[in-house]
Amino acid sequence: MEKSILIVGGGGFIGGFIAKEALRRGFNTYVGVRESTSRRYLNDDRLKFVVLDYDDPDALGYTLKNHLPEAGSWDYIIYNLGATKCADFADFNRINFTYLRNFISALEEEHIVPQKFLFMSSLSALGPVDEKDYSPIDSKSVPHPNTRYGLSKIKAETFLETKPDIPWIIFRPTGVYGPHEQDYLMMIKCIDKHFDFGVGYRTQLLTFIYVDDLVGAMFDALASDKTHHKKYIISEPRAYTQKEFRSIVAEALGHKLVIPLKLPMWIVYAASVIAEKWGIITLKPSTLNRDKFKIMKQRNWNCSVDDAIADFGFHADYSLHRGIEATVKAYLDEKNMATRK
């Protein structure tokens, strides 16, 4: 029988790529979405949708039970649901922790625990590390997240660790980019206008993972027999400076002139406070806020992926050069299409 998979949080940037890859690999693919979730990138007729209410544990269990595949449970579940920015910081805890707890409780109560459960956490769950010698973050790094987003993720991870009967795998990806992603797109648009805004004057090492490489790693980890109850950092195995990132994007855009502008930390912090307050007033989460400021302030995102290489043969097919080329092409195609309209 073909294997089945449920992708929870399928409507976001990464979710669409997971669903596409699941179909490509021949999975009977279910996508968990909320009633309000956009299905713009979930337009394949083979996808089966499960509309979930994460605030209601009883309704959650009932809905899952009534959408099971013929085998009686899903072989795999990828839990990709999460919030990266919120107008109200309390929503980080509700969406990133409480929703996971409700979902796991529903699986246990309905006796539909899958063979493997992959949880998407974040490198931010570890918080800042060595910013003197810039040694890589690795699986032995002690978590001490300094953002509300990171705290909510480490809380979710800790909850899973209390569940020995859940066959969990935890991914901690670094910055994920690719077509349709919005935060890095803002940087690309800025460079397209011949400006690049950096934060602070000390060297910052940045790491990236192209969305296709992240998704491929998910399925490789699910297929491996070495990943049970383990946590993995997922990244292209090298770091870049802001200057290198700027040069790669400028080359993909065909620009020779890009003016780098370094902003002092205090200016960025003041702007993040103002943007955050405005987000609260308008009830719309701002990309720039105090949480985001702490992430931008962190100087060392260099990380080791040795465990992922050893346990499921992780490899990044997309260097930043190749990934940015694909991302910029998608951006320019949409830009040209909008111009023609």
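Coordinates for the structure precede this section.
Here goes a summary of the coordinates provided. (Residues numbered from 1 in each chain as written. Predicted model: local features only at pLDDT ≥ 70, side-chain atom pairs only at ≥ 80, totals over all residues. Heavy atoms only, no water.)

Let's talk about the packing of helix α3 (residues 90-109) against helix α4 (residues 148-161)
To characterise two packed helices, one gives the angle between the axes of the helices and the distance between these axes.
Link 1 in the chain: The geometry of α3 relative to α4 is characterised by a closest axis approach of 8 Å and an angle of 15° between their N-to-C directions. Of the possible angle classes, the one that applies to α3 and α4 is roughly parallel. Considering only the axes of α3 and α4, their crossing is right-handed. Residues F92, N93, N96, F97, L100, R101 and I104 of α3 lie in contact with α4, whose contacting residues are R148, Y149, S152, K153, K155, A156, F159 and L160. (Axes fitted to C-alpha atoms, helices over the stretch in contact; angles between N-to-C directions. Helix = DSSP H or I, 4+ residues; strand = E, 2+ residues; numbered from the N terminus. Parallel < 35°, antiparallel > 145°, perpendicular 65-115°, else oblique. Left-handed = near helix turned anticlockwise from the far one by under 90°. Contact = heavy atoms within 4.5 Å.)

What to know about the pattern of salt bridges
Link 1 in the chain: Summed over all chains, the structure comprises 19 salt bridges.
Link 2 in the chain: For the salt bridge of R94 with D91, the shortest nitrogen-to-oxygen distance reads 3.2 Å. Here R94 and its partner D91 are both found in helix α3, 3 residues apart, which amounts to about one turn of the helix.
Link 3 in the chain: Exposure remark for R94: the relative accessible area of 31% places this residue in the partly exposed category.
Link 4 in the chain: D91 sits in the partly exposed class, given a relative accessible area of 21%.
Link 5 in the chain: Here E161 ties to K231 by a salt bridge, and the two come within 3.1 Å at their closest N and O atoms. Of this pair, E161 sits in helix α4 while K231 sits in strand β10 (residues 230-234), and the two are 70 residues apart along the sequence.
Link 6 in the chain: Ionic contacts of the salt-bridge type, sharing partners, join the residues E21, R24, R25 and D220 into one network. (Salt bridge = Lys/Arg side-chain N within 4 Å of Asp/Glu carboxyl O. Buried < 20%, exposed > 50% of the residue type's maximum accessible area, 1.4 Å probe, protein only.)

Points about unusual backbone geometry
Link 1 in the chain: The backbone of H111 sits at a positive phi, close to 55°, despite the residue not being glycine.
Link 2 in the chain: When you line up the elements, H111 lands in the loop between α3 and β5 (116-120).
Link 3 in the chain: According to the relative accessible area criterion, H111 is exposed, its value standing at 70%.
Link 4 in the chain: Its identity as a non-glycine residue notwithstanding, H180 has a phi of 85°, on the positive side.
Link 5 in the chain: Structurally, the position occupied by H180 is in the loop between β7 (175-177) and α5 (183-192).
Link 6 in the chain: Its relative accessible area of 30% is what places H180 among the partly exposed residues.

Some remarks on the sheet that holds strand β1 (residues 4-8)
Link 1 in the chain: Pairing within the open sheet is parallel, and its 7 strands lie in the order β3-β2-β1-β4-β5-β6-β10. Pairing within the sheet leaves two strands with one partner each, and these edge strands are β3 (48-51) and β10. Taking each pair of neighbouring strands and ignoring which way they run, the sheet shows an average axis angle of 20°.
Link 2 in the chain: Bridge count between β1 and strand β4 (residues 76-79): 4 bridges; the pairing is parallel. In the strand pairing of β4, I5 is matched with Y76. (Pairing = 2+ DSSP bridges.)

Quick look at α5
Link 1 in the chain: Among the residues of α5, Y184, L185, I188, I191 and D192 are the ones counted as buried. Around the axis of α5, the buried residues are gathered within 120° of arc, so they sit on the same side.
Link 2 in the chain: Buried-residue contacts for α5 involve β7, β8 (195-199), β9 (208-210), α7 (242-253) and α11 (320-340).
Link 3 in the chain: Phi for H194, located one or two positions after α5, is positive at around 75°. (Arc of directions from axis to C-beta.)

A look at the nonpolar core
Link 1 in the chain: Counting residues in hydrophobic clusters, the biggest one holds 62 residues, and the most contacted among them are I14, F171, M218 and I234.
Link 2 in the chain: Considering each element in turn, this core owes the most residues, 8 residues, to helix α6 (residues 211-223).
Link 3 in the chain: Formed by 35 residues, the second largest nonpolar core is a distinct cluster that contains L64, L68, I77 and F97. (Core = buried A, V, L, I, M, F, W, Y, C linked by side-chain atoms within 4.5 Å.)

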